[in-house]
Amino acid sequence: MALIFAAVAFVQARRNVPTLPGDSEFDGERSFGDLKRLVSFGPRPPGSRALEQSRELIAGELHAAVAAVALDTFTASTPLGLA
C-alpha cells in the first residue's frame, strides 16, 4: 500500500510541474480523489481484476506524468500457495 501512496504522490507532484525548483504545490483534494478511485476497485487479491485495474491506473498516471515505468512480474510463495 505504501507503494501506491508513493506513486500517487509522485504523479501529483509531476502534474504540477514547477516553473522554478520548489514552486510545486501538493493538491490534497486531487490526491484524495485519486485514492478514492483506487479504493473503488475493491479488494485486490492476486490475480483479481481489481488488482489489474490498480496496476493500469498507477502505470497510466505515471506515464502521463512522463515517468519511466517498467512493469515486473514474479511469483511469490505464500502460506496459501503460489501467488
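This is a predicted model, so every value here is computed, not measured. (Residues numbered from 1 in each chain as written. Predicted model: local features only at pLDDT ≥ 70, side-chain atom pairs only at ≥ 80, totals over all residues. Heavy atoms only, no water.)

(A) Focus on the packing of helix 2 (residues 28–39) against helix 3 (residues 49–64). One can describe the packing of helix 2 onto helix 3 by two numbers: an axis separation of 10 Å at closest approach and a directional angle of 150 degrees. Considering the angle they form, helix 2 stands roughly antiparallel to helix 3. Across the interface between the two elements, Arg-30, Arg-37 and Leu-38 of helix 2 pack against Ser-54, Leu-57 and Glu-61 of helix 3. Looking at the contact of helix 2 with helix 3 residue by residue, the class counts come to 2 nonpolar, 1 polar and 3 charged. (Axes fitted to C-alpha atoms, helices over the stretch in contact; angles between N-to-C directions. Helix = DSSP H or I, 4+ residues; strand = E, 2+ residues; numbered from the N terminus. Parallel < 35°, antiparallel > 145°, perpendicular 65-115°, else oblique. Contact = heavy atoms within 4.5 Å. Nonpolar A, V, L, I, M, F, W, Y, C, P; charged D, E, K, R; others polar.)

(B) View of helix 2. Over its 12 residues, helix 2 extends 16 Å from the first C-alpha to the last, a length consistent with the 16 Å expected when each residue adds 1.5 Å. For helix 2, the full list of buried residues reads Ser-31, Asp-34 and Leu-38. Projected onto a plane normal to the axis of helix 2, the buried residues spread over an arc of 60 degrees and lie on a single side. Exposed residues on helix 2 whose side chains face more than 90 degrees from its buried face are Glu-29 and Lys-36. N-cap assignment for helix 2: the residue whose side-chain oxygen lies 3.2 Å from the backbone N of Glu-29 is Asp-27. (Expected span 1.5 Å × (residues − 1). Buried < 20%, exposed > 50% of the residue type's maximum accessible area, 1.4 Å probe, protein only. Arc of directions from axis to C-beta. Polar contact = N/O pair within 3.5 Å; in protein donor to acceptor, adjacent residues only side chain to side chain.)

(C) Focus on unusual backbone geometry. A positive phi angle, close to 60 degrees, is found at Val-66, a residue other than glycine. Assignment of secondary structure puts Val-66 in the loop between helix 3 and strand 1 (77–78). When its relative accessible area of 67% is taken as the criterion, Val-66 is described as exposed.

(D) Focus on the pattern of salt bridges. Applying the stated rule across the entire model yields 4 salt bridges. Across the pair Glu-61 and Arg-30 runs a salt bridge, and its minimum N-O distance is 3.5 Å. You can see Glu-61 sitting in helix 3 and its partner Arg-30 sitting in helix 2, a full 31 residues away along the chain. Of the residues examined, Glu-61 reaches a relative accessible area of 17% and is grouped as buried. When salt bridges with common partners are traced through the structure, they connect Arg-30, Asp-34 and Glu-61 into a single cluster. (Salt bridge = Lys/Arg side-chain N within 4 Å of Asp/Glu carboxyl O.)

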